[in-house]
Amino acid sequence: MEDTEKVLDAGLDAEEFEKALAEAKGEEKALNELKEWLSKENNRIQMERKRLKQEEAFFEKKMDILKSGFAQLDLERKKVERDRLMLEAEKNAHVSYTRQEKNMDVAEMLFQGVNSHLALKKRYRDLIKMFHPDNIAGDHDMVLVINKIYEELKQDYEMGKRA
């Protein structure tokens with residue numbers, strides 16, 4: 001009743017007062033709905049932040065796994081490269097040794113039939129002329145082998161091992 005008297009003193013009639021009172025109750029209800037919505041929104045945002053933190057932690061773990069995997073791959077790549085280089089070196093050494101063995105056999109055949117120191121010198125000069133690297137059909141490796149065999153045979157003749 002006191003409210004009614006205040007309203008009447010203010011110059012409002014009862015109908016306007018009821019209308020104003022209904023509007024205030026509607027606004028109060030709207031404010032309560034807004035508070036409820038804001039509370040839900042705040043909860044949703046907090047949940048979203050938690051989810052983002054979890055995803056970030058998961059992403060960091062995945063990134064660490066990837067980094068360690070790439071580091072392991074790099075180590076394995078370096079090891080494979082080292083092994084490849086070693087295999088290549090062994091292959092080259094084997095090919096060189098095999099080639100040298102073949103050249104030794106050929107060079108020994110080239111010196112067959114030599115029975116004197118003078119014949120050895122003549123055969124050596126002829127062979128060097130043929131296989132010298134400056135010639136079209138020259139072969140540096142063959143010249144090295146011929147020189148080696150010549151030196152061995154020359155020493156044999158000088159020491160008297162051969163007649």
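Residues numbered from 1 in each chain as written. Predicted model: local features only at pLDDT ≥ 70, side-chain atom pairs only at ≥ 80, totals over all residues. Heavy atoms only, no water.

Describing the environment of glutamate 108
- Note on placement: glutamate 108 falls in helix α2 (residues 14-110).
- Taking the C-alpha atoms as reference, glutamate 108 lies 9.4 Å from tyrosine 150; in sequence the two are 42 residues apart. (Helix = DSSP H or I, 4+ residues; strand = E, 2+ residues; numbered from the N terminus.)

Concerning a nonpolar patch on the surface
- A grouping of Phe59, Met63, Leu66, Phe70 and Leu73 is seen on the molecular surface, where their side chains present a nonpolar patch of about 510 Å² in accessible area.
- Counting through the fold element by element, leucine 73 comes out in helix α2. (Patch = residues over 30% accessible without salt bridge, like charges linked within 9 Å, V, L, I, M, F, W, Y side chains within 5 Å. Areas by Shrake-Rupley, 256 points an atom, 1.4 Å probe, with all protein chains shown as cover. Salt bridge = Lys/Arg side-chain N within 4 Å of Asp/Glu carboxyl O.)

Topic: the nonpolar core
- Within the largest apolar cluster, 15 residues are counted, with the highest numbers of intra-cluster contacts made by Ala107, Phe111, Leu120, Val145, Ile146, Ile149 and Leu153.
- Those elements giving two or more residues to this core turn out to be α2, α3 (117-131) and α4 (140-159).
- Take this core: its biggest share by element is eight residues, from α4.
- Setting aside anything within four residues of it in sequence, one finds alanine 107 in contact with Met142, Val145, Ile146 and Ile149. (Core = buried A, V, L, I, M, F, W, Y, C linked by side-chain atoms within 4.5 Å. Buried < 20%, exposed > 50% of the residue type's maximum accessible area, 1.4 Å probe, protein only. Contact = heavy atoms within 4.5 Å.)

Describing the pattern of salt bridges
- Tallied over the full model, the rule gives eight salt bridges.
- Glutamate 48 is the salt-bridge partner of arginine 51, the closest N and O atoms lying 2.2 Å from each other. In this pair, arginine 51 and glutamate 48 are both assigned in helix α2, three residues apart and thus about one turn of the helix distant.
- For arginine 51, a relative accessible area of 34% corresponds to the partly exposed category.
- Taking relative accessible area as the criterion, glutamate 48 reaches 31% and is therefore assigned partly exposed.
- Among the charged side chains, a salt-bridge network with shared partners connects Glu48, Arg51 and Glu55.

Section: the confidence of the model for the protein
- Taken over all residues, the pLDDT of the protein has a mean of 84, while the share at 70 or more is 89%.
- Predicted confidence in the protein is weakest over helix α1 (residues 2-10), with a mean pLDDT of 53, and strongest over α3, with 90. (pLDDT = per-residue confidence, 0-100.)

Side note on the packing of α3 against α4
- Across the interface, α3 lies against α4 with an axial gap of 11 Å and an inter-helix angle of 175°. With respect to each other, α3 and α4 are oriented roughly antiparallel. Side by side, α3 and α4 meet where His117, Leu120, Lys121, Tyr124, Leu127, Ile128 and Phe131 of the first sit next to Met142, Val143, Ile146, Asn147, Tyr150, Leu153, Lys154, Tyr157 and Glu158 of the second.
- Per-class residue counts for the contact of α3 with α4 are 11 nonpolar, two polar and three charged. (Axes fitted to C-alpha atoms, helices over the stretch in contact; angles between N-to-C directions. Parallel < 35°, antiparallel > 145°, perpendicular 65-115°, else oblique. Nonpolar A, V, L, I, M, F, W, Y, C, P; charged D, E, K, R; others polar.)

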